[in-house]
Each structure stands twice: as structure tokens, then as C-alpha cells.
Amino acid sequence: MYVKDRKVIAKSTDKCFIGYDLGTSGVKTVLIDSKGTLIASAFAAYRSSSLKPGYHEQSPEDWWDAIVKTTRRVVRDSKIPRTKISGISFGVQAFGTIPVTKEGHALRPCMTWLDSRSTNEANRINETMGISISAKDFPAKALWIKENESDIFAKAHKIVDCDGYLIARYTGNFVCPGEIAYGMGFDPVKKQWQFESFGITSDKLPEPVTTTTVVGELSPAAAKQTGLRPAIPVVAGGSDFASAVVGSGAIKPGRAHVYMGSSAWIAVATNTLPAAETELGEAKGQGLVRQYESAIFSGNFLDRFIIGGESESACACLNWFKNELASDLDEKAKHAKTTPHQMLDKIAEKVQPGAGNLIFIPWMKGERAPVKDDFARGAFIGLALTHRRENLVRAIMEGVALNMAWVLEQIQVGHNLGFEVQSLRAIGGGFKSRIWTQIFADVMGRRIERVKWPDYAGAIGAALFSSLGTGVYKHFDELDGLLPSTFEATPRNQYRDTYDRLLANYKRAYAREIEKIYHEWGPV
């Protein structure tokens, strides 16, 4: 694990709030004032392990160590008196599955959102209940623990998600935000958990609460470890998806944002009830027909709906390329006093849109949207001897953007939005790249507005949850557009035909015969 400093951005004597973005590769911790201004931030990385195909685990103790270190760092760097810190909240990688003790300590590593070992359990649940959950969803993973690690399941006081784990460590209470509970199997209409018949009973699960509920106070033990004062209000928070909505500033109905980190998603706010998840017609490729599943999820976000589609791999694809096929850039970047990713940007700039008729499919860890398949895999399509490394780099950037353009099309066409998405606020570390931001604008044919501090927007959104929970703000709409945009990319019409053609071909990459190969190979 390592901790990266960031210079103090601003000073404030106002009330201040701490927010955590517990991501797949590390935790981002921020201290902000009530206007959303970033005062100080820090990042600490942790590792994942994959003992077998389909397994993806992380140590919650590694998370806690990272949180302790980064919390101490931002408090120290900000030089803000501890008495000014008025709230704490979280945005987390959703649907991690963790059995814990009464003290909130993990009994086994977290099965993260990428873990797909519970295919059999998901199939059995679906056949019995007539629903469609994934092996990566919480109920299937909880059932896997029950049936494969029965001693751990029996010892567990609760089985929680990532947010529930952090709340328990901070306050000793076992609760979870409603939007995460919905994905864990809580029926918000009947107000009950849905998988009791499989032995995933309510006594094993946390209590659902609203995102802005004060769920307790910082315990003396947690305060001692983090260097904070005891009794600071702790607000429930939510998934990284929910905190990103707030941190992006695309909150009011009709607004949209796109996130690009290790994974990627698009989210659109609407005040109308979304259409049911639908299959969006037949896609024909090489004479083969496949019904596509939208893999779009929606949930009640207080008094509105947020419709989103999530892709499993985005920046993770470019990072894979850098580590495996461009490791020489690490040393070159040191000599040039730049970063490997900035060098990748310059490499991609050498190539015209279309990457020389090369298409990259970013489904390197299975996929949720625009196709729903835990077994899907990535690919370069159209490789030729004329292609050079720069073509591959550009194709990766374009492939991620094409994937998200397809997701946006599913949201726009598959749901009765009642409006056309004209622009998207952009957050996440991937959008620090100007060329990648421009590629998104060109591929989507829409304006992309990158917010200030894009890599910390999720953590800032989490901190703003606590400003709502503690009464500084009364309604989410007061936070709409709070963070300014600092760079805009507008679509260039001269590339419209190129990207329309690429997107049409991209959609043909999931033909039935290729799908059979993926499923024969098994989980990634």
C-alpha cells in the first residue's frame, strides 16, 4: 500500500466534511468546506487477489489501514482545527460481500463487485424466483458463503456490503443505505428482504436507511486510530455511483454524467418512472441473431430516479496495456519529467480517429452493460501488420468511449426519458486526459464538461452527503452544479461518419458464436 499526497487546495474556516471514495484500486479521502471546495486530499492504494478464475477479493483490513493513513494525512495537511470537522460519509464500490463479527471485523476477505464465482447460486436463485441476477450480485455471493463456508456464515453477526463495513468500524452500528440495500435484495415496497427462502435471513443483514441518515457518531476507538475527535456525526452515504451523481453536479432531472475510472458508467437523472428493463431488439452479425440485454439499473434517488448503465472495465484496460505492453514508458516518463499516461495521450494523438480501422472491445472482466455477460472478454478486432502501438492505444480509448455511447443509447432509447441528453458532466481519473475527453465528445456527439478535481469528485460527493445529513443543506438540488467545470470538449462534426460507422460495427462484436467461446472458456 502507498499513500500519495496532494497539495492543499484551499483554506477555510467554515464547517468542514470528510468523504471517502472506497474504490477498486484504492481509497480517495478528501476534506472539503460546505461549498464543496477541496481543501486537502490523499490517495492510498491496496491490492486485490484472484486465487482462481472468477475470484476477486480484497482485505477489508487493507481498506481500514488506507483510510486511517489518508485521514491523518488530510487533517495534517489542511491545518484545519479538528473541531471544524462536522461530518463524515462514504461512497463505496458497491455490492462487496463481507461476513463480520459483532465488533465489525471481517471474517474473510471481501468478495468484491467483480467476483463471479457464484454462477451456480445465481442460476438457482433465478430459476426459483423468476428473476435475473448476476453471479456478481450480493445475494448470489451471500448464498455461496452459506453453502461453501458454512462455518463462517454461522459465525457471522451480519453480512454487509463495503459501506456497511465502514459504518460498523466507525460507529459500531449495522446499517446500509437504501440504494445499496435495493441491490442487496431489499424490497422497498414490501419493506423486507427477498431471499429468506435461501437462508439469507433479515437477522443476518443490516438495517436499510436513507443516504443522508446520521447512522451514529465516531466511536472513541475509531477516533483514536484516525486522529479525529470522537462523536463526529457519521452519515450513511452510498455507492460510488450515488456519490458520483452528487460530486458531478448532474443532480436535477434532465442532467447526466459520465464516470471513467477502473470501471465506467453513465447516469441520467429523471423525475419520471423509467420503463422496465427491456431487450432492445435484435442485432445481426454474420447471419447470427442475439437478443441484447440492456443491463441498465435504476433506483429511487429520494424524489427522482437515476438511470444508469455500468461497464466493468475502462481505465483498467489502458492500465493493462501500459503494464503489459508499454512498460518502457515508466522509465521514459521519469527522464521526460512527465507521467506514463501523459505519454500515452501523446501516442494516441498521432493517430487519426478510427485508429486505422481497429476496434477494441473493453470487456476484460466480463460485462454488465451494454451486454450483460459475466463471461464476456475483451478483443482487438481488425489487427493488421500495418498497425503500430499507437493504433492500439487509440483503439483502447475509442473502444471504451464506444462502449459508453452504446450504454447511453440504451438509456435514451430503452427508457421513456422525455428529453434528449445534450451534454454530460465528466468525472473520474480517466477524464484528466484531454484527448480521451475529446474522443468521448466525438463518439457520443455530445458536449463533455469535465468538472474541477475530476479524480476526487466521488469523494467530494460522499463528503457532501454529510453536509446534507447534518443540515447544512436541505435538498440535493442545492448541490446541483456546485463543482465548476474547467474544460469542455465539443463534438467535431467532421468525424461523425467515422464514429457512427465504428459504433455500428462495434455492436456486431457480440455474435452468438463468439459468446459460445467465452462461455466455454469460463470466468475471467
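Focus: the overall build of the chain
- Within the chain one finds 16 helices and 27 strands.
- For a compact globule of 524 residues, the expected C-alpha radius of gyration is about 24 Å, and the chain comes in at 22 Å, within 12% of that figure.
- The C-alpha extent of the chain, read off along each of the three principal axes, is 65 × 55 × 45 Å.
- Out of the 524 residues in the chain, the part that is buried amounts to 59%.
- Long-range contacts, defined here as pairs at least 24 residues apart, represent 72% of the contacts in the chain between residues at least 6 apart.
- Of the roughly 20800 Å² that the chain leaves accessible, carbon and sulfur atoms contribute 50%.
- Measuring between centres, the 64 positive side-chain charges of the chain sit 7 Å from its 58 negative side-chain charges.

Some thoughts on the packing of helix α8 (residues 240-248) against helix α14 (residues 457-469)
- Here α8 crosses α14 at 90 degrees, and the two axes come no closer than 7 Å. In this view, α8 runs roughly perpendicular relative to α14, as classed from their interaxial angle. Residues A242, S243, V246 and G247 of α8 touch α14, and the partners they reach there are A457, G458, G461, A462, L464 and F465.
- Here the residues of the contact of α8 with α14 sort into six nonpolar, four polar and no charged.

Things to note about the side chain of T70
- Its place among the elements puts T70 in helix α1 (residues 60-78).
- The buried category is assigned to T70, whose relative accessible area is 0%.
- Within polar-contact distance, the side chain of T70 engages the side chain of T29 at 2.7 Å.

A word on the side chain of S311
- Within the element layout of this structure, S311 appears in strand β22 (residues 304-311).
- At 2.9 Å, the side chain of S311 forms a polar contact with the side chain of N403.
- Not counting residues within four places of it along the chain, the set of residues in contact with S311 comprises S263, A264, E367, A369, N403 and M404.

What to know about the environment of D137
- Mapped onto the elements, D137 comes out in the loop between α2 (119-129) and α3 (138-148).
- Look at D137 and you get buried, because its relative accessible area is 13%.

What about the state of the cysteines?
- Per the counting criterion, the structure on display carries zero disulfides.
- Distance from the sulfur of C110, which forms no disulfide, to the nearest cysteine sulfur (C162) is 4.3 Å.
- Overall, C110 belongs to the buried group, its relative accessible area being 0%.

Concerning unusual backbone geometry
- The step from A369 to P370 runs through a cis peptide bond, and the omega angle for that step is 10 degrees.
- Relative to the elements of secondary structure, P370 occurs in the loop between β23 (359-361) and β24 (379-381).
- Phi at K79 is positive, roughly 60 degrees, even though this residue is not glycine.
- Counting through the fold element by element, K79 comes out in the loop between α1 and β6 (85-92).
- We classify K79 as exposed; its relative accessible area is 67%.
- One non-glycine residue, K191, adopts positive backbone phi at about 60 degrees.
- Following the sequence through the fold, K191 ends up in the loop between β11 (186-187) and β12 (192-193).
- Overall, K191 belongs to the exposed group, its relative accessible area being 61%.

Re the packing of aromatic side chains
- Using the criterion set out here, one finds 15 aromatic pairs in the structure.
- Here the aromatic rings of F465 and F476 are separated by 6.2 Å at their centres, their planes lie at 80 degrees, and the arrangement is edge-to-face. On the criterion of sequence distance, the pair formed by F465 in helix α14 and F476 in the loop between α14 and β27 (485-489) is long-range, its members being eleven residues apart.
- Here the aromatic cluster, defined as three or more aromatic residues joined through ring pairs, consists of Y20, W64, F90 and Y170.
- Directly above the aromatic system of Y456 lies the positively charged group of K28, at a separation of 6.0 Å from the ring centroid.
- In this structure, R117 packs its charged tip against the face of Y55, placed 3.7 Å from the ring centre.

Let's talk about the pattern of salt bridges
- As enumerated under the stated definition, the model contains 24 salt bridges in all.
- A salt bridge links E57 to R117; the nearest nitrogen and oxygen atoms lie 2.8 Å apart. With E57 in strand β5 (residues 57-58) and R117 in the loop between β8 (110-111) and α2, this residue pair connects regions lying 60 residues apart in the sequence. Accessibility classification places E57 together with R117 in one group, the buried group.
- Close ionic contact of E147 with R124 constitutes a salt bridge, the shortest N to O distance being 2.4 Å. Residue E147 is located in helix α3, and its partner R124 is located in helix α2; the two are separated by 23 residues in the primary sequence.
- Since its relative accessible area comes to 41%, E147 is described here as partly exposed.
- With a relative accessible area of 31%, R124 lands in the partly exposed category.
- Through salt bridges with shared partners, one network takes in E57, R108, D115, R117 and E149.

Scoring rules and cut-offs
Here the residue index of a chain counts from 1 through its sequence in written order. Totals for whole chains, interfaces and linings use all residues, but because this is a predicted model, local features are given only for residues with pLDDT of at least 70 and pairs of side-chain atoms are given and counted only at 80 or more. To obtain the side-chain values, all non-hydrogen atoms of the structure were included, while hydrogens and water were left out. Counting from the N terminus, the helices are DSSP H or I runs at least four residues long and the strands are E runs at least two residues long. For the radius of gyration, the atom set is restricted to C-alpha positions; the globular benchmark scales as 2.2 Å times the number of residues to the power 0.38. Each residue's exposure class comes from its accessible area (1.4 Å probe, protein chains only) as a fraction of the maximum for that residue type: buried when under 20%, exposed when over 50%, partly exposed otherwise. By the convention used here, residues are in contact when the closest approach between their heavy atoms is within 4.5 Å. Throughout, the Shrake-Rupley method with a 1.4 Å probe supplies accessible areas, and for residues the shown protein chains are the sole cover considered. The convention is simple: Lys and Arg are positive, Asp and Glu are negative, and His and the chain ends are not counted. Just so you know, the charge point we use is NZ for Lys, CZ for Arg, CG for Asp and CD for Glu. The axes are straight lines fitted to the C-alpha atoms, using for helices just the contacting stretch, and the angles between their N-to-C directions are given from 0 to 180°. In these notes the angle categories are as follows: under 35 degrees is roughly parallel, over 145 is roughly antiparallel, 65 to 115 is roughly perpendicular, and the rest is oblique. Residues are grouped as follows: Ala, Val, Leu, Ile, Met, Phe, Trp, Tyr, Cys and Pro are nonpolar; Asp, Glu, Lys and Arg are charged; all remaining types, including Gly, are polar. A 3.5 Å cut-off defines polar contacts: any pair of N or O atoms within that distance qualifies, except that in protein one atom must be a possible hydrogen donor and the other a possible acceptor, and neighbouring residues in sequence count only when both atoms are side-chain atoms. Disulfides are defined as pairs of cysteine sulfur atoms found within 2.5 Å of each other. Any Phe, Tyr or Trp ring, taking Trp's six-membered ring, that has another such ring centre within 6.5 Å forms a pair; planes under 30 degrees apart are called stacked, those over 60 apart edge-to-face, and the others tilted. Should the NZ of a Lys or the CZ of an Arg lie within 6 Å of a ring centre and within 35 degrees of the ring normal, that charge is described as sitting over the ring. Salt bridges are defined as contacts in which a side-chain nitrogen from Lys or Arg sits within 4 Å of a carboxyl oxygen from Asp or Glu.

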